[in-house]
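Below, each chain spelled out in residue letters.
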Amino acid sequence: MNILVVGNGGREHALAWKIAQSEHATEVFVAPGNAGTEREPKLKNINIQATDIDNLIQFAKENDIELTVIGPEVPLSLGIVDRFEQEGLNCFGPTQKCAQLESSKTFSKDFMAKYHIPTANYQNFTDPQQAKAYLETQSFPIVIKASGLAAGKGVIIAQDLQEANDTVEDMLSGNKFGDAGAEIVIEEFLDGEEASFIVMCDGTHALAMASSQDHKARDNGDKGPNTGGMGAYSPAPIVTDKVHQKVMDEIIYPVIEGMKKEGESYKGFLYAGLMIMPNGEIKTLEFNCRFGDPETQPIMMRLESDLVELVFAALNEELDEYEASWSKKTALGVVMAAKGYPFDYPTGEAISGLTSDDGKCNKIFHAGTTSHKDQVLTHGGRVLCAVALGDTVADAYDHAYQLVDKIHWDNEYHRTDIGKKAF
């Protein structure tokens, strides 16, 4: 069958790469894709942007697309799944209403409160003076989030009242995050260890993907500004069998059941960002309504099941009949970014050393890249994710950084401690 993957980042490269390995996949189109998807066997880029829903539907009809998988959050928030379904086309992802779990942190926090899903204490604000008055009553550090979509960067951890007030001004008055920051959520700071918990949902059942741990801060030691993610590894040792079951019972299934009560069927990937506290409590930091990036890359390296079969099981509400099979090895991915990310950074720089992966034990997934003649050029903040398998986290770390060391461009930047907290 012909399959369409929507998006152009590292997540979409990894999903399309894994989908192409399915015996059911004849040709996999990626819209718009990147320089990495352009070079993969069985993959073909098409020049349609992820938000151009009308042309994506037309392409799907004209090219006998039997399955479309949505990668990024913005088209989900625009209702791409609803539109495809109205046209009778198979499309894997949550509806626009369900996608509010990610597109509106206000909706998400209120939903969690309504359905008793554990999360940090919070308040929503649109007025800066009311927000500042609330801050006067709080302890620090405190977390301030832009309610709308901000590409994973709309979260500030304010260390004191002055920084918190400045952040409120930046978001609500200074328009730092545009429409995404027109409403903010202020919530208590939770101390513990973070983990990413991703499942596939079919409206009633959920099938857990391999656990993983993301590294959000730009610099070593989890310092510096928040980013979309600077690296990840899978599995995450902190997600024990006990933690896994607790998350399914107290977070994942209450979301599915809550959506049912709201008149919606949640089908698609669901990502719960977790804070696992020292006392064993687990709280939900955020929901994403798609696979995480860069968690997708190491998770797909470990997935041994046929992803196309799992997606159709979800669409047909049969996930309870399936299990996912995983490599026993650890996968670790290091994001190679443009210096200056997540703020201003250069683009258009030539990348060398991209032929160093074998596609089995190590793999370079592209994110912000483009092709010009015979060269691959940087074309975004997060440019590549170098992923390797190893018998242990330390082993995967060594292999991944050996891969990183072979790749070069001017103004390249990466963390050197991805996964170290696990060993």
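Since the structure is predicted, the reported quantities are computational estimates derived from the model, not experimental observations.

Draft legend 1. Spatial organisation of the overall build of the chain. Within the chain one finds 13 helices and 23 strands. Relative to its length of 423 residues, the chain is compact, with a C-alpha radius of gyration of 20 Å against a globular reference of 22 Å. In terms of overall dimensions, the chain has a C-alpha envelope of 60 × 50 × 40 Å along the principal axes. Burial statistics for the chain: of 423 residues in total, 59% are counted as buried.

Draft legend 2. Inspection of the pairing of strand β22 (residues 382-390) at higher detail. Summarising burial for β22: 9 of the 9 residues are buried, a large majority. As paired elements, strand β18 (residues 330-338) and β22 share 8 bridges and run antiparallel to each other. Residue pairing for β22: Thr330 is matched across the bridge by Gly390. By the bridge criterion, 5 bridges tie strand β19 (residues 362-366) to β22 in an arrangement that is antiparallel. Each bridged residue has a counterpart across the sheet, and for Asn362 the counterpart in β22 is Ala388.

Draft legend 3. Main features of the pattern of salt bridges. Evaluated as defined, the whole model comprises 23 salt bridges. Where Glu187 meets Lys109, a salt bridge forms, and the shortest distance between an N and an O atom there is 2.7 Å. Separated by 78 residues along the polypeptide, Glu187 in strand β9 (residues 184-188) and Lys109 in helix α7 (residues 105-114) bring together distant segments of the chain. A relative accessible area of 3% means that Glu187 is categorised as buried. Among the ionic pairs, Lys267 bridges to Glu317, the shortest N-O distance being 3.2 Å. Of this pair, Lys267 sits in strand β16 (residues 267-276) while Glu317 sits in the loop between α12 (307-315) and β18, and the two are 50 residues apart along the sequence. When its relative accessible area of 17% is taken as the criterion, Lys267 is described as buried.

Draft legend 4. Region of the structure containing the sheet that holds strand β11 (residues 206-208). Within the open sheet, the 4 strands sit side by side as β11-β10-β16-β17. Their pairing is antiparallel. Because the sheet does not close on itself, it has two edges, and the strands there are β11 and β17 (282-288). Ignoring which end each strand starts from, the neighbouring axes of this sheet average 35° apart. Across 3 bridges, the pairing between strand β10 (residues 193-202) and β11 is antiparallel.

Draft legend 5. Structural view of the packing of aromatic side chains. For the coordinates displayed, the defined rule picks out 10 aromatic pairs. Here the aromatic rings of Phe125 and Tyr134 are separated by 5.2 Å at their centres, their planes lie at 45°, and the arrangement is tilted. For the residue pair Phe125 and Tyr134, the accessibility class agrees, reading buried in each case. Through pairs of rings, three or more aromatic residues link up here, namely Phe92, Phe269 and Phe291.

Draft legend 6. Looking closely at the packing of helix α8 (residues 128-135) against helix α9 (residues 161-173). Contact geometry of α8 with α9 gives a least axis separation of 10 Å together with a crossing angle of 160°. Comparing the axis directions of α8 and α9 gives the class roughly antiparallel. Here α8 runs over α9; the crossing is right-handed. In this structure, α8 uses Pro128, Gln129, Ala131, Lys132 and Leu135 to contact α9, whose residues at the interface are Leu161, Ala164, Asn165, Val168, Glu169, Leu172 and Ser173. Tallied by class, the residues present in the contact of α8 with α9 amount to 7 nonpolar, 3 polar and 2 charged.

Draft legend 7. Just unusual backbone geometry, in detail. Of note, the bond from Ala31 into Pro32 is cis; its omega dihedral lies within 30 degrees of zero at 0°. Relative to the helices and strands, Pro32 is located in strand β2 (residues 27-32). Put simply, Phe140 and Pro141 share a cis peptide bond, and its omega is 5°. Residue placement: Pro141 occurs in the loop between α8 and β7 (142-146). In the Ramachandran plot, Lys42 falls in the positive-phi region, its phi being about 70° despite a non-glycine side chain. Locating Lys42 in the fold gives a position in the loop between α2 (35-38) and β3 (43-45).

Draft legend 8. Examining the side chain of Lys363 more closely. Within the secondary structure layout, Lys363 lies in strand β19. Since its relative accessible area comes to 7%, Lys363 is described here as buried. Within the local environment of Lys363, its side chain forms a polar contact with the side chain of Glu40, the two groups lying 2.5 Å apart. The contacts of Lys363, once residues within four sequence positions are left out, are His13, Trp17, Glu40, Met301, Asp357, Cys385, Ala386, Val387 and Leu403.

Draft legend 9. A look at the environment of Ala164. Relative to the elements of secondary structure, Ala164 occurs in helix α9. Separated by 112 residues in the primary sequence, Ala164 and Ile276 place their C-alpha atoms 25 Å from one another. The contact partners of Ala164, leaving out residues within four places of it in the chain, are Leu135, Phe140, Ile142, Ile144 and Ala158.

Draft legend 10. Expanded view of the pairing of strand β1 (residues 2-7). Within β1, 6 of the 6 residues are buried, which leaves the element mostly enclosed by the surrounding structure. In β1, alternate side chains face the same way, and those of Asn2, Leu4 and Val6 on one face and Ile3, Val5 and Gly7 on the other are all buried. Two elements, β1 and strand β4 (residues 65-70), share 5 bridges in a ladder whose sense is parallel. Bridge pairing links Val6 to Ile70 in β4. As paired strands, β1 and β2 are joined by 6 bridges and run parallel to one another. Bridging across to β2, Gly7 finds its partner in Pro32. Running through helix α1 (residues 10-20), the crossover from β1 to the neighbouring parallel element β2 is right-handed.

Calculation notes
Residues numbered from 1 in each chain as written. Predicted model: local features only at pLDDT ≥ 70, side-chain atom pairs only at ≥ 80, totals over all residues. Heavy atoms only, no water. Helix = DSSP H or I, 4+ residues; strand = E, 2+ residues; numbered from the N terminus. Rg over C-alpha atoms; globule rule 2.2 N^0.38 Å. Buried < 20%, exposed > 50% of the residue type's maximum accessible area, 1.4 Å probe, protein only. Pairing = 2+ DSSP bridges. Salt bridge = Lys/Arg side-chain N within 4 Å of Asp/Glu carboxyl O. Axes fitted to C-alpha atoms, helices over the stretch in contact; angles between N-to-C directions. Phe/Tyr/Trp six-rings, centres within 6.5 Å; stacked < 30°, edge-to-face > 60°. Parallel < 35°, antiparallel > 145°, perpendicular 65-115°, else oblique. Left-handed = near helix turned anticlockwise from the far one by under 90°. Contact = heavy atoms within 4.5 Å. Nonpolar A, V, L, I, M, F, W, Y, C, P; charged D, E, K, R; others polar. Polar contact = N/O pair within 3.5 Å; in protein donor to acceptor, adjacent residues only side chain to side chain. Right-handed = clockwise from strand over helix to strand, strands pointing away.

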